[in-house]
Amino acid sequence: MRTVVQDLPGSKIREVANAGLGRDNVLAFWFGEGDAPTPETVRAAAVRSLDAGETFYSHNLGLPELREAIARYASGLHRPIGAGRIAVTSSGVNALMLAMQALLDAGDEVVAVVPVWPNLTAQPAILGARVVRLALQSDAGRWRLDLDALQEAITARTRVLLVNSPNNPTGWTLTRAEQQAILAHCRRTGTWIVADEVYERICFADGAAAGRPACAPSFLDLAEPDDRLIVVHSFSKSFLMTGWRLGWLVVPEASTASFAKLIEFNTSCAPVFVQRAGLAALQDAGSSVAGVVAHLRVCRDTLLPRLEAMPGVSVARPEGGLYAFFRIEGTADSLTLAKRLVAEAGLGLAPGSGFGPEGEGWLRWCFASRDPGRLQAGADRLAAFLRL
Ligand SMILES: Cc1ncc(COP(=O)(O)O)c(C=O)c1O
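Residues numbered from 1 in each chain as written. Predicted model: local features only at pLDDT ≥ 70, side-chain atom pairs only at ≥ 80, totals over all residues. Heavy atoms only, no water.

Student: When you look at the overall build of the protein in this model, what are you seeing that I'm missing?
Tutor: Scanning the protein from terminus to terminus reveals 13 helices and 15 strands. Projecting the C-alpha coordinates of the protein onto the three principal axes gives extents of approximately 60 × 50 × 50 Å. Expressed as a percentage of the 388 residues in the protein, the buried residues total 54%. Taking as baseline every contact in the protein between residues at least 6 positions apart, the subset at least 24 positions apart corresponds to 74%. (Helix = DSSP H or I, 4+ residues; strand = E, 2+ residues; numbered from the N terminus. Buried < 20%, exposed > 50% of the residue type's maximum accessible area, 1.4 Å probe, protein only. Contact = heavy atoms within 4.5 Å.)

So, in structure tokens, the structure goes:
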């Protein structure tokens, strides 16, 4: 086994979840998914496809009609994007790995904005690349990017900038101006931007542009079609499809054929019945995503005031995503604290250290809950644990 693979850290979120196995009455908010099943119309499309016998290999880049539908959907949110730039993938995490495989040789340098979902930094490490971590700052209840520090970190030696916005775990979201500056800088250094925008629709900013669906600022609003930009997407979060494993990439058209080859050697194609489900999800996207986000806003606005009111707890109001990332005064070891919360309070949260050393001392709470009452009950348990 390669040393780099042997040395991969295990998931600390799993470690906490395993500590909760077999315990009754744990309110679990540790994983990055809600408890609502995929809508019936989407499930029915997959069943119809299976009933019709669509059980064979398919195009590497995805069904042409799904690529067209994704291109229409993305063009409705951003600048026009042709279907020739879309590659359908078997999940967001697979899309990320394909982007890394396409760009990274062993020894290459990657700059990653952190803390971040650990898969983003593990994948370049698996390929033998060197990851330079650039930490977000937490100032006065807000997460902030030090743009000067980022620009200093990205040099002509930097092959890839990895940035996830809206960010898991902090909810921090890049501004349009920051994206503009980053794009201009990366054009100068010749650096590829790999933008993980899987939470773009889960954005709580007020005042979406007139007539446009709510969406976080995206590099796809700014970049030219041939810029060195790869955008990673997923059906998991905004379409409630975590278990289906379906995602997509937006890539420069000149590299689409290379991605087709890479997909051939990874998964060959996404399952057709899953792609049919994705098509159905996009057909309903207008109303279904708005409903998902409106409910998540209720969830966020249920949990956040509870955390904000707890003495000794600091939390930034997330601008997007599914998570509240918070700190309890005096916490040095978030893994131990998360395990104690499971054992002593029946509350399942993710330890901040699972998102890198920058997350140490913090905890992540996924607030995607069908019943906001569960969030209130969880907050009661936390308050009791803290003897508030
Ligand atoms: C930032 C980020 N990117 C990508 C993904 C991948 O999602 P999936 O593989 O379910 O499509 C996740 C899932 O939690 C995530 O948080």
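Student: Is there a simple way to think about the pairing of strand 3 (residues 109-114) in this case?
Tutor: Side-chain direction in a regular strand flips from residue to residue, so the side chains alternate between the two faces of the sheet. Judged by how many residues are buried, strand 3 sits mostly within the fold: six of six residues are covered. Residues of strand 3 alternate between two faces, with Glu109, Val111 and Val113 on one and Val110, Ala112 and Val114 on the opposite face, all of them buried. Bridge count between strand 3 and strand 4 (residues 130-135): six bridges; the pairing is parallel. Across the sheet, Glu109 pairs through a bridge with Arg130, a residue of strand 4. On the question of chirality, the crossover connecting strand 3 to the parallel strand 4 by way of helix 6 (residues 119-126) is right-handed. With four bridges joining them, strand 3 and strand 7 (residues 158-164) adopt parallel strand pairing. Each bridged residue has a counterpart across the sheet, and for Val111 the counterpart in strand 7 is Leu161. (Pairing = 2+ DSSP bridges. Right-handed = clockwise from strand over helix to strand, strands pointing away.)

Student: Just to check I follow, could you spell out the site of the ligand for this structure?
Tutor: Around the ligand, the structure places 13 residues, and the nearest of them are Gly92, Asp196, Ser234, Ser236 and Lys237. Within the side chain of Ser234, an N or O atom sits 2.6 Å from an oxygen atom of the ligand. Bound to the protein, the ligand loses 95% of the 390 Å² it would expose on its own. By residue class, the composition of the shell around the ligand is four nonpolar, six polar and three charged. (Near = heavy atom within 4 Å. Polar contact = N/O pair within 3.5 Å; in protein donor to acceptor, adjacent residues only side chain to side chain. Areas by Shrake-Rupley, 256 points an atom, 1.4 Å probe, with all protein chains shown as cover. Nonpolar A, V, L, I, M, F, W, Y, C, P; charged D, E, K, R; others polar.)

Student: Help me understand the environment of Asn266 in this model?
Tutor: Its place among the elements puts Asn266 in helix 9 (residues 256-266). In this structure, the C-alpha to C-alpha distance between Asn266 and Pro115, residues 151 residues apart in sequence, is 28 Å. With residues up to four places along the chain from it excluded, the contact list for Asn266 reads Leu98 and Gln101.

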